[in-house]
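Observations on the model geometry
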Amino acid sequence: MPGNVNLEKADFAAGCFWGVEAAFREVAGVTDAVSGYEGGHTEHPTYEKVSTDTTGHAETVQVTYDPGKVSYETLVRKFFSIHDPTELNRQGPDVGSQYRSVIFYRTPEQKEIGERVIADLERQYHPKTVATSVEPAQAFWKAEEYHQRYAKKHPGAVCHS
């Protein structure tokens, strides 16, 4: 029965949230992906405020998933496959701390997995450094409705190259 499933959440910031949300929606075991803002100091952030690069928030996608169907590590590896984690405070032409790469962990296990995968990737990207931070989850603020499922509503729209 669907009500008995123990769903978990994972929050990832990897640049423009439209593409990140769309990529996670394709993963088997993911039941939802929502664009929003996390990691800042402003309450009730809006896209306009976050775009000023003064709120401290990163464009973030909150992923709801069934751990019986997809592991957190699989989600972390997907996260790293959809952006360049060596870019600091940017992804492609999108520049600013709101586009930084962050794993917002909710449990000690999520923190350990994120740090372990980064250590693996450091060897792969050497001599570049992985700029992704691993930070405790904070309040997640859902983005405006027009940002939700943006890639589906606007086929061909791109966030970054």
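By convention here, each chain's residues receive numbers from 1 onward along its written sequence. Thresholds applied to this predicted model are a pLDDT of at least 70 for local features of residues and 80 or more for the giving and counting of side-chain atom pairs; totals over whole chains, interfaces and linings are not thresholded and use all residues. To obtain the side-chain values, all non-hydrogen atoms of the structure were used and water was disregarded.

1. Focus on the overall build of the protein
Runs of H or I in DSSP of at least four residues are treated as helices and runs of E of at least two as strands, each being numbered from the N terminus. Regarding its fold elements, the protein presents five helices and eight strands. When the helices and strands of the protein are placed in sequence order, the string is β-α-β-α-β-α-β-β-β-α-β-β-α. Relative accessible area decides the class of each residue, using a 1.4 Å probe on protein chains only: under 20% of the type maximum gives buried, over 50% gives exposed, and in between gives partly exposed. The proportion of buried residues among the 161 residues of the protein is 45%. Residue contacts follow a heavy-atom distance rule, with two residues in contact if any of their heavy atoms lie within 4.5 Å. If you take every contact in the protein between residues at least 6 apart in sequence, the share linking residues at least 24 apart comes to 77%. With residues, only the protein chains shown are counted as cover, and all accessible areas are computed by Shrake-Rupley using a 1.4 Å probe. About 8100 Å² of surface is accessible on the protein, with carbon and sulfur atoms providing 54% of the total.

2. Thoughts on the packing of aromatic side chains
Here is the rule: rings of Phe, Tyr and Trp (six-membered ring for Trp) pair when centre to centre is within 6.5 Å. Planes less than 30 degrees apart are stacked, more than 60 are edge-to-face, and the remainder are tilted. In this structure the tally under the stated criterion is six aromatic pairs. Both rings, one in F12 and one in F24, keep their centres 5.1 Å apart while their planes meet at 10°; by these two values the pair is stacked. Of this pair, F12 sits in strand β1 (residues 8-14) while F24 sits in helix α1 (residues 17-25); the two residues are 12 residues apart in sequence, bridging distant segments of the chain. Each member of the pair F12 and F24 is classed as buried. Seen from their ring centres, F79 and F80 are 4.8 Å apart, and the 65° between their planes marks the pair as edge-to-face. F80 gets classed as buried once you look at its relative accessible area, which sits at 6%.

3. Here's the deal with the sheet that holds strand β7 (residues 133-136)
Only strands that DSSP links by at least two bridges are regarded as paired with each other. If you walk across this open sheet you meet the six strands as β7-β6-β1-β3-β2-β8, and the pairing is mixed. A single partner strand is all that each edge strand has here, and the edge strands are β7 and β8 (141-142). Pairing geometry for strand β2 (residues 30-38) and strand β3 (residues 58-65), over eight bridges, is antiparallel. Counted as the bridge partner of V30 is Y65 from β3.

4. Digging into the packing of helix α3 (residues 72-81) against helix α4 (residues 108-125)
Every axis corresponds to a line fitted to the C-alpha atoms, with the helix fit spanning only the stretch in contact, and the corresponding angles, defined between N-to-C directions, vary from 0 to 180 degrees. Where α3 meets α4, the axes come as close as 10 Å, and the angle between the chain directions of the two elements is 45°. In this view, α3 runs oblique relative to α4, as classed from their interaxial angle. Between α3 and α4 lies a crossing of right-handed hand. Between α3 and α4, the contacting residues are Y72, E73, V76, R77 and F80 on the first element and Q110, I113, R116, V117, I118, D120 and L121 on the second. Here roughly perpendicular refers to angles of 65 to 115 degrees, roughly parallel to angles under 35, roughly antiparallel to angles over 145, and oblique to all remaining angles. The crossing is said to be left-handed when, going from far helix to near helix, the turn is anticlockwise and less than a right angle, and right-handed when the turn is clockwise.

5. Some points on the pairing of β7
With four bridges joining them, strand β6 (residues 101-105) and β7 adopt parallel strand pairing. Residue pairing across strands places V102 opposite S133, the latter belonging to β7. Think of it like this: strands point away, you trace from the first strand over the helix to the second, and a clockwise trace means the crossover is right-handed. At this point the chain moves from β6, through α4, to the parallel β7, and the crossover so formed is right-handed.

6. Observations concerning the nonpolar core
Residues belong to one nonpolar core when they are buried, are Ala, Val, Leu, Ile, Met, Phe, Trp, Tyr or Cys, and are joined through side-chain atoms within 4.5 Å. Core analysis: the biggest nonpolar cluster contains 29 residues, and F12, F24, V63, L75 and F80 have the highest contact counts within it. Of all elements in the fold, only β1, α1, β2, β3, α3 and α4 reach the threshold of two or more residues within this core. With five residues, α3 is the single largest residue contributor to this core. Contacts of F80, omitting those with residues within four sequence positions, involve P85, I103, V117, I118, L121, V130 and T132.

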